[in-house]
Amino acid sequence: GKFSKSRGVGVFGDVAKDTGTPADIWHFYLLYLRPEGQDSAFSWSDLMLKNNSELLNNLGNFINRAGMFVCKFFGGTVPNMVLTPDDKCLLARVTLELHQYHQLLEKVRWVA
């Protein structure tokens, strides 16, 4: 059903923690729903469905494809990487952007 702080309806931090569900799964699910400006409905079955179909299936598919790529093109062994100056520049830029993203994410305020 719909969350309501005043009526005590919903899954709150202490209850979520007591379920034993890893925090990363809660993070994924809450960000997947992204309730901004309207109420959000919660159900345990939807949490399980999104975790299994959206997160685990997609992640498993990605890992399988990466493994098949390595087997097909590199004989099953990831080759040593030699970075060019352009590669190093790109990695530095991505690292900076990721650091800024994390800083902005820490400033996110959930709409209650």
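Structural data are supplied above this passage.
**A word on the packing of helix α2 (residues 23–33) against helix α3 (residues 44–74)**
Right, on to step 1. Where α2 meets α3, the axes come as close as 10 Å, and the angle between the chain directions of the two elements is 95°. By the angle class used here, α2 and α3 are roughly perpendicular. Across the interface between the two elements, Ile25, Trp26, Phe28, Tyr29, Tyr32 and Leu33 from α2 touch Trp44, Asp46, Leu47, Lys50, Asn51, Glu54 and Leu55 from α3.
Right, on to step 2. Partitioning the contact of α2 with α3 into residue classes produces nine nonpolar, one polar and three charged.

**Here's the deal with the pattern of salt bridges**
Right, on to step 1. Inspection of every chain in the model, using the stated rule, returns two salt bridges.
Right, on to step 2. A salt bridge links Arg93 to Glu97, with the shortest nitrogen-to-oxygen separation between them at 2.9 Å. Of this pair, Arg93 and Glu97 are both found in helix α4 (residues 85–106), four residues apart, which corresponds to roughly one turn of the helix.
Right, on to step 3. Since its relative accessible area comes to 51%, Arg93 is described here as exposed.
Right, on to step 4. The exposure class of Glu97 is partly exposed, given its relative accessible area of 36%.

What counts, and at which threshold
Residues numbered from 1 in each chain as written. Predicted model: local features only at pLDDT ≥ 70, side-chain atom pairs only at ≥ 80, totals over all residues. Heavy atoms only, no water. Axes fitted to C-alpha atoms, helices over the stretch in contact; angles between N-to-C directions. Helix = DSSP H or I, 4+ residues; strand = E, 2+ residues; numbered from the N terminus. Parallel < 35°, antiparallel > 145°, perpendicular 65-115°, else oblique. Contact = heavy atoms within 4.5 Å. Nonpolar A, V, L, I, M, F, W, Y, C, P; charged D, E, K, R; others polar. Salt bridge = Lys/Arg side-chain N within 4 Å of Asp/Glu carboxyl O. Buried < 20%, exposed > 50% of the residue type's maximum accessible area, 1.4 Å probe, protein only.

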